[in-house]
Amino acid sequence: MTQADDLLNALADIAPDSDLAQARQVRHAATQHTQGSYAVLFGQQEDDFPLPERLALAAQLAEWHDQPGLQAHYLHLRSSQPGGVSERDRAAEAFARRLTFEPVSAAPAHIAELQQAGWSPRGIVTLAQLVAFISFQSRLLAGLRALQGDVAQADAPPVVAGHWHDAPHTASGKTAVTAFTQRELGWEPWLAAKPLAEFSADEQATLAKFGHSDSDYFRLLARNLPLLEQRTLTDKGIFYTAGGLPRAERELAATVVSKVNGCIYCASVHARKASQLAKQDDAIQKLLNVAPGAVLSHGQSPRWQALIAFAAALSVTPARLTQQHIDAVRDQGLDTLALLDLIQSSAFFAWANRLMLTLGEPFLPQQQG
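Below you will find a few notes about this structure. Computed from a prediction, not measured in an experiment: that's the story for all the values here.

Thoughts on the overall build of the protein
1) Next: Looking only at helices and strands, the protein features 17 helices and 2 strands.
2) Next: A globule of 369 residues ought to have a C-alpha radius of gyration of about 21 Å, and the protein, at 20 Å, matches this closely.
3) Next: Once the C-alpha set of the protein is aligned to its principal axes, its extents read approximately 60 × 50 × 40 Å.
4) Next: For the protein, with 369 residues in total, the buried portion stands at 56%.
5) Next: In the protein, of all internal contacts separated by at least 6 residues, the share reaching a separation of at least 24 is 75%.

Have a look at this one:
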């Protein structure tokens, strides 16, 4: 990938001979498919979510995330596109605001409001993906700039655990999950997943390649399959690579972000992985047990305190990363590659949580008798 094809490189002004540029090259797949996700989101020509609407909303999202350079980029692209403000746009902005600032508050009624405003199932999926992607992209940019010294110097109060769903039943009447757990959970969509039979043979092969064929979640996201494919490859490039930050601690970061956002399903999957890999079940369970409003790093080892505080600071909107967070993880031995892994793992779950929380909800599978 050339620098000209790498938007984040340009916006973060990364020197080509720097340690950070080298680290991003080592993580080539993540770099490439982050850019690929952007290219699909803003390259598709479709009626379900026209490009002028996508660009206008992206600029608004970047402003909410306090990323003026990113906002200017989308405004520049938007200036060459026709368009106005419609009821569709107003419904999309309300949905986007909720996903950005309080995704755990999403409910089936908010999907219904989009449908009533004229949004198609594919359009709704692309809308949710766009909001979630800009949440990811903004945090990547904040992290990359922070590593180069563009970061708040003053200490900030620690980020605390967010709230989560506490209703006893899901929208369809299943037993809801009201506490963070390492158990395997189910997840049901509020918008119908696309039936496997409605995909072409090539599309079915793509789903099968990634193990997505039997998942309601992924067949829902596959209403925009090119975007799902780039997202999946971004995920693999961030979490399934050698060296740098140990995989267990990348999973730890995913769990921390899920605690901030109140995403019980994502936390269950990634806490379980972190626990298995780190062989620190008690420490992971302690993190899961943190109550809303309490400090997430309490009672952890010095290294995990630093990692947890860093991931949590990158998870709020806008991000609250400070030089103190960077110094604390460097003091624990993280080099630039490991720091990049920590940023990318944390940022990716700003994306993942916002899809899981706003397109459906977890449930507790019935015990087999």
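So, the side chain of T34
1) Next: For T34, the position within the fold is in helix α3 (residues 28–41).
2) Next: On the basis of relative accessibility, which here comes to 7%, the residue T34 falls in the buried class.
3) Next: Within the structure, the side chain of T34 is placed 2.7 Å from the backbone oxygen of A30, a separation counted as a polar contact.
4) Next: Beyond its immediate stretch of four places on either side in the chain, T34 contacts L8, F133, F136, L140 and T234.

So, the side chain of Q67
1) Next: Among the structural elements, Q67 can be located in the loop between α4 (51–64) and α5 (68–78).
2) Next: Judged by relative accessible area, Q67 falls into the buried class, the value being 11%.
3) Next: Setting aside residues no more than four positions away along its own chain, Q67 makes contact with A62, S138, L141 and A142.

Description of empty space enclosed by the protein
1) Next: According to the stated counting rule, one finds 1 cavity of 30 Å³ or more in the structure shown.
2) Next: In this structure, the largest cavity spans a volume of roughly 50 Å³.
3) Next: The wall of the largest cavity is formed by D6, L7, L8, R24, T31, T34, Q35, Y38, F133 and Q137.
4) Next: A per-element tally of the lining of the largest cavity places α3 first, with 4 residues.
5) Next: Looking at side-chain class alone, the lining of the largest cavity contains 4 nonpolar, 4 polar and 2 charged residues.

Things to note about the pattern of salt bridges
1) Next: Overall, the coordinates contain 12 salt bridges when judged by the stated rule.
2) Next: Across the salt bridge formed by E251 and R247, the nearest N and O atoms sit 2.7 Å from each other. Here E251 pairs with R247, and both are found in helix α12 (residues 247–261), just 4 residues apart, close to one helical turn.
3) Next: R247 sits in the partly exposed class, given a relative accessible area of 25%.
4) Next: One network of salt bridges, with partners in common, ties together R27, R250 and D341.

Considering the packing of α12 against helix α15 (residues 302–313)
1) Next: Relative orientation of the contacting elements α12 and α15 amounts to 50°, with a least axis distance of 9 Å. By the angle class used here, α12 and α15 are oblique. Viewed along their axes, α12 and α15 form a crossing whose handedness is right-handed. Listed contacts from α15 to E249, L252, A253, V256, V257 and V260 of α12 are R303, W304, L307, I308, A311 and A312.

Structural notes on the packing of α4 against helix α8 (residues 121–147)
1) Next: For the pair α4 and α8, interaxial distance at closest approach is 10 Å and the crossing angle is 35°. Of the two possible hands of crossing, α4 and α8 adopt the one that is right-handed. Contacts from R54, L57, A58, L61 and A62 in α4 reach L127, L130, V131 and I134 in α8.
2) Next: Here the contact of α4 with α8 is composed, by residue class, of 8 nonpolar, no polar and 1 charged.

Brief notes about unusual backbone geometry
1) Next: The omega angle of the peptide bond from T317 to P318 is -10°, so this bond is cis rather than trans.
2) Next: Relative to the helices and strands, P318 resides in the loop between α15 and α16 (323–331).
3) Next: Positive phi outside glycine occurs at D66, with the angle close to 60°.
4) Next: With respect to the helices and strands, D66 occurs in the loop between α4 and α5.
5) Next: With a phi angle near 55°, K279 is a residue other than glycine that sits in the positive phi range.
6) Next: Inspection of the secondary structure assignment puts K279 in the loop between α13 (264–278) and α14 (281–288).

Focus: helix α6 (residues 87–101)
1) Next: Compared with an ideal rise of 1.5 Å per residue, which puts 15 residues at 21 Å, α6 spans 21 Å between its outermost C-alpha atoms and is within 8% of the ideal.
2) Next: Each element contacted by the buried residues of α6 is listed here: α4, α7 (108–116), α8 and α17 (336–359).
3) Next: Where α6 begins, the capping side chain belongs to S86, and its oxygen is found 3.3 Å from the backbone nitrogen of R88.

Quick look at the layout of surface pockets
In this approach the atoms are scanned with a rolling probe the size of a water molecule, which exposes any empty space left behind.
1) Next: By volume, the largest pocket amounts to about 580 Å³.
2) Next: Along the wall of the largest pocket there are 25 residues; nearest its centre are Y217, F218, D235, V269 and H270.
3) Next: Looking at the lining of the largest pocket, the elements with two or more residues in it are α10 (216–221), α11 (225–239), α12, α13 and α17.
4) Next: In terms of residue class, the lining of the largest pocket is built from 13 nonpolar, 4 polar and 8 charged.

Focus on α15
1) Next: The end-to-end C-alpha separation of α15 is 17 Å, in line with the 16 Å expected for 12 residues at 1.5 Å each.
2) Next: Along α15, the positions that sit buried rather than exposed are W304, A306, L307, I308, F310, A311, A312 and A313.
3) Next: Elements that come into contact with the buried residues of α15 comprise α12, α13, α14, α16 and α17.

Cut-offs and rules
- Residues numbered from 1 in each chain as written.
- Predicted model: local features only at pLDDT ≥ 70, side-chain atom pairs only at ≥ 80, totals over all residues.
- Heavy atoms only, no water.
- Helix = DSSP H or I, 4+ residues; strand = E, 2+ residues; numbered from the N terminus.
- Rg over C-alpha atoms; globule rule 2.2 N^0.38 Å.
- Buried < 20%, exposed > 50% of the residue type's maximum accessible area, 1.4 Å probe, protein only.
- Contact = heavy atoms within 4.5 Å.
- Polar contact = N/O pair within 3.5 Å; in protein donor to acceptor, adjacent residues only side chain to side chain.
- 1 Å grid on protein atoms, 1.4 Å probe; cavity = no way out; pocket = protein on both sides within 12 Å on 5 of 7 lines; lining within 4 Å.
- Points joined across faces, edges and corners; volume = space filled by probe spheres on them.
- Nonpolar A, V, L, I, M, F, W, Y, C, P; charged D, E, K, R; others polar.
- Salt bridge = Lys/Arg side-chain N within 4 Å of Asp/Glu carboxyl O.
- Axes fitted to C-alpha atoms, helices over the stretch in contact; angles between N-to-C directions.
- Parallel < 35°, antiparallel > 145°, perpendicular 65-115°, else oblique.
- Left-handed = near helix turned anticlockwise from the far one by under 90°.
- Expected span 1.5 Å × (residues − 1).

Read these as geometric descriptors, not functional statements.
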